[in-house]
Amino acid sequence: MEMYIANMIADTLANGIIQPVKEKPIHLTVNHLKKVQAPSFSIPSDQFKTLEEVKEKLRQSRQLLMKVSKEATPSDLEQKSFPHPAFGPISLKQWISFVGYHEKRHLVQIEELKVKL
């Protein structure tokens, strides 16, 4: 998911038009009790990945996210946007923050599963 978001931010920075949007309550992402249909590209497959492969993919996605966010102007981050399936159009600035909320959502789910096990 993070790689997709980083790539969409990069593409929107390069090709997107100025299209300011109101801030969205992206902090609600952490509430995993509200179900949202995951985009098809983010649904886990049956393909096994080693821990090292997963760590490397995470490192690459974080590196790209940091690169595009550092190279962008604050104005572009605030005034360019692309849509989220549940919140509608979100500014690039909020998309960067969304990554953290999305991870936190899954951490909460993991902790609940650990308790159940």
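Only a predicted model underlies this, so the values are computations on that prediction, with no experimental measurement involved.

Draft legend 1. Representation of a nonpolar patch on the surface. A cluster of nonpolar side chains, namely Met1, Tyr4 and Phe41, defines an oily patch on the protein surface of about 260 Å² accessible area. By the element assignment, Phe41 lies in the loop between helix H1 (2-15) and helix H2 (51-71).

Draft legend 2. Quick peek at the pattern of salt bridges. Counted under the stated rule, the structure contains six salt bridges. Among the ionic pairs, Glu103 bridges to Arg62, the shortest N-O distance being 2.5 Å. Of this pair, Glu103 sits in helix H4 (residues 92-116) while Arg62 is found in helix H2, placing the two residues 41 residues apart along the sequence. Taking the shortest distance from any N to any O, the salt bridge between Lys93 and Glu78 comes out at 3.7 Å. Taken together, the residues span a long stretch of sequence, with Lys93 in helix H4 and Glu78 in helix H3 (residues 74-79) at a distance of 15 residues. Under the relative-accessibility criterion, Lys93 is labelled partly exposed at 45%. Connected through salt bridges with shared partners, the residues Glu2, Arg62 and Glu103 form a single ionic network.

Draft legend 3. Here's a closer look at the packing of H1 against H2. Closest axis-to-axis distance for the H1/H2 pair is 8 Å, and the angle between their directions is 25°. In terms of their interaxial angle, H1 and H2 are classed as roughly parallel. Between H1 and H2 lies a crossing whose hand is left-handed. For the pair H1 and H2, the contacting residues are Glu2, Met3, Ala6, Asn7, Ile9, Ala10 and Leu13 in the first and Leu58, Gln60, Ser61, Arg62, Leu64, Leu65 and Val68 in the second. Among the residues forming the contact of H1 with H2, the class breakdown is nine nonpolar, three polar and two charged.

Conventions adopted
Residues numbered from 1 in each chain as written. Predicted model: local features only at pLDDT ≥ 70, side-chain atom pairs only at ≥ 80, totals over all residues. Heavy atoms only, no water. Patch = residues over 30% accessible without salt bridge, like charges linked within 9 Å, V, L, I, M, F, W, Y side chains within 5 Å. Areas by Shrake-Rupley, 256 points an atom, 1.4 Å probe, with all protein chains shown as cover. Salt bridge = Lys/Arg side-chain N within 4 Å of Asp/Glu carboxyl O. Helix = DSSP H or I, 4+ residues; strand = E, 2+ residues; numbered from the N terminus. Buried < 20%, exposed > 50% of the residue type's maximum accessible area, 1.4 Å probe, protein only. Axes fitted to C-alpha atoms, helices over the stretch in contact; angles between N-to-C directions. Parallel < 35°, antiparallel > 145°, perpendicular 65-115°, else oblique. Left-handed = near helix turned anticlockwise from the far one by under 90°. Contact = heavy atoms within 4.5 Å. Nonpolar A, V, L, I, M, F, W, Y, C, P; charged D, E, K, R; others polar.

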